[in-house]
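So the chains spell out like this:
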Amino acid sequence: DFDRGDYAHAVDSYRRLLAKIPANHDPLDRITLLNNLALAHDVLGNAGEALRTYMAALEIAQPARFAQHRARTLHGLGNLYLRLGDSGRGGDFLEQALAIRRAAQPVERRSLYASLIAVGEWHRERGDPSSALKLHLEAYEHALSPAQKARTHLAIGRDQMDNGSM
């Protein structure tokens with residue numbers, strides 16, 4: 001449903017699945033479904049529901065074994081707060097996600113790339129193109145596809161322009 005763009009139906013599906021998970025079931029499934037549900041709410045413009053759902057996922061994802069899932073939740077919260085106009089809180093959540101993803105072994109390149117790009121954009125928007133450039137150069141090392149490399153080149157170019165390097 002989500003991949004087809006039917007976010008309202010995805011919300012219903014995720015809620016039904018969450019209701020079927022027994023209390024003694026592995027929390028990983030619940031965290032994953034909550035993150036997906038929160039993202040669907042966010043896409044639909046239901047910021048309050050997205051926030052509540054991300055916070056529920058974050059509460060469950062505290063043990064170290066769920067660090068990558070906690071990073072996904074923090075990344076989602078960061079993006080949500082940025083869209084809501086709370087740059088400070090949004091950036092804080094994005095940087096927390098980045099720290100977890102940098103420390104992960106093995107490195108999950110796709111998620112690390114996403115965090116590096118997001119935190120770099122946040123730094124540039126805050127008027128710190130030098131920090132943004134460092135993050136985007138690091139992101140380039142983790143880009144997996146030609147599209148990611150092209151996106152990163154554009155970000156680097158914007159950083160250099162804002163930094164007066166071009």
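Structure first, text after, so check above.
Just so it is clear, the structure is predicted and the values come from calculations on it, not from any experiment. (Residues numbered from 1 in each chain as written. Predicted model: local features only at pLDDT ≥ 70, side-chain atom pairs only at ≥ 80, totals over all residues. Heavy atoms only, no water.)

**Concerning helix α8 (residues 146-162)**
For clarity, the threshold we go by: Elements are defined by DSSP. Helices are runs of H or I of four residues or more, strands are runs of E of two residues or more, and each kind is numbered from the N terminus. The span expected for a helix works out to 1.5 Å for each residue beyond the first. Buried, partly exposed and exposed residues are distinguished by accessible area as a fraction of the type maximum, computed with a 1.4 Å probe on protein chains only: under 20%, between the cut-offs, and over 50%, respectively.
Here α8 is 17 residues long and its end C-alpha atoms lie 24 Å apart, about the 24 Å a rise of 1.5 Å per residue gives. The set of residues buried in α8 consists of Gln 148, Thr 152, Ala 155, Ile 156, Gly 157 and Asp 159. One or two positions beyond α8, positive phi appears at Gly 164, with a value near 80°.

**Quick word on the pattern of salt bridges**
Heads up, the condition is: The term salt bridge refers to a pairing of a side-chain nitrogen on Lys or Arg with a carboxyl oxygen on Asp or Glu at a separation within 4 Å.
Applying the stated rule across the entire model yields 9 salt bridges. The partner of Arg 158 in a salt bridge is Glu 121, and the shortest N-O contact between them spans 3.6 Å. With Arg 158 in helix α8 and Glu 121 in helix α6 (residues 109-125), this residue pair connects regions lying 37 residues apart in the sequence. The exposure class of Arg 158 is partly exposed, given its relative accessible area of 37%. One salt-bridge network, held together by shared partners, links Glu 121, Arg 124, Arg 158 and Asp 159.

**Notes on the packing of helix α7 (residues 129-142) against α8**
Two packed helices can be described by the angle between their axes and the distance between those axes. Definition in use: Here an angle of 0 to 180 degrees is reported between the N-to-C directions of two axes, which are lines fitted to C-alpha atoms, with helices fitted over the stretch in contact. For this classification, under 35 degrees means roughly parallel, over 145 means roughly antiparallel, 65 to 115 means roughly perpendicular, and everything else is oblique. Crossings are assigned a handedness: left-handed for a near helix turned anticlockwise from the far helix by less than a right angle, right-handed for a clockwise turn. Whether two residues are in contact is decided by their heavy atoms, any of which lying within 4.5 Å being enough. Each residue receives one of three labels: charged for Asp, Glu, Lys and Arg, nonpolar for Ala, Val, Leu, Ile, Met, Phe, Trp, Tyr, Cys and Pro, and polar for the others, Gly being one of them.
Taken N-terminus to C-terminus, the directions of α7 and α8 make an angle of 160°; their axes are 9 Å apart at the nearest point. Put simply, α7 runs roughly antiparallel to α8. Crossing of α7 over α8 shows left-handed handedness. Counting all contacts with α7, which are made through Pro 129, Ala 132, Leu 133, His 136, Leu 137, Ala 139, Tyr 140 and His 142, the residues of α8 involved are Gln 148, Lys 149, Thr 152, His 153, Ala 155, Ile 156, Asp 159, Gln 160 and Asp 162. Classifying every residue of the contact of α7 with α8 by side-chain character gives 8 nonpolar, 6 polar and 3 charged.

**Some remarks on the packing of aromatic side chains**
Put simply, the test is: For this analysis, a ring pair means two rings from Phe, Tyr or Trp (six-membered ring only for Trp) whose centres lie within 6.5 Å, classed as stacked if their planes differ by under 30 degrees, edge-to-face if by over 60, and tilted for the remaining angles. Two thresholds decide whether a charge sits over a ring: the Lys NZ or Arg CZ must be within 6 Å of the ring centre and within 35 degrees of the ring normal.
On inspection of all chains with the given rule, the structure shows 1 aromatic pair. Taking the centre distance of 5.6 Å and the plane angle of 20° together, the rings of Tyr 81 and Phe 93 count as stacked. Within this pair, whereas Tyr 81 is found in helix α4 (residues 67-83), its partner Phe 93 is found in helix α5 (residues 87-103), the two being separated by 12 residues in sequence. Neither Tyr 81 nor Phe 93 differs from the other in exposure class; each is buried. The ring of Trp 122 has Arg 126 sitting right over it, with the charged end atom 4.2 Å from the ring centre.

**Observations regarding the environment of Phe 93**
A residue is classified by how much of its surface remains accessible, and Phe 93, at 12% relative accessible area, is buried. Spatially, the C-alpha atom of Phe 93 lies 8.4 Å from that of Asn 79, the residues being 14 residues apart in sequence. Beyond its immediate stretch of four places on either side in the chain, Phe 93 contacts Leu 74, Leu 77, Gly 78 and Tyr 81.

Any functional reading would require information that these geometric values do not contain.
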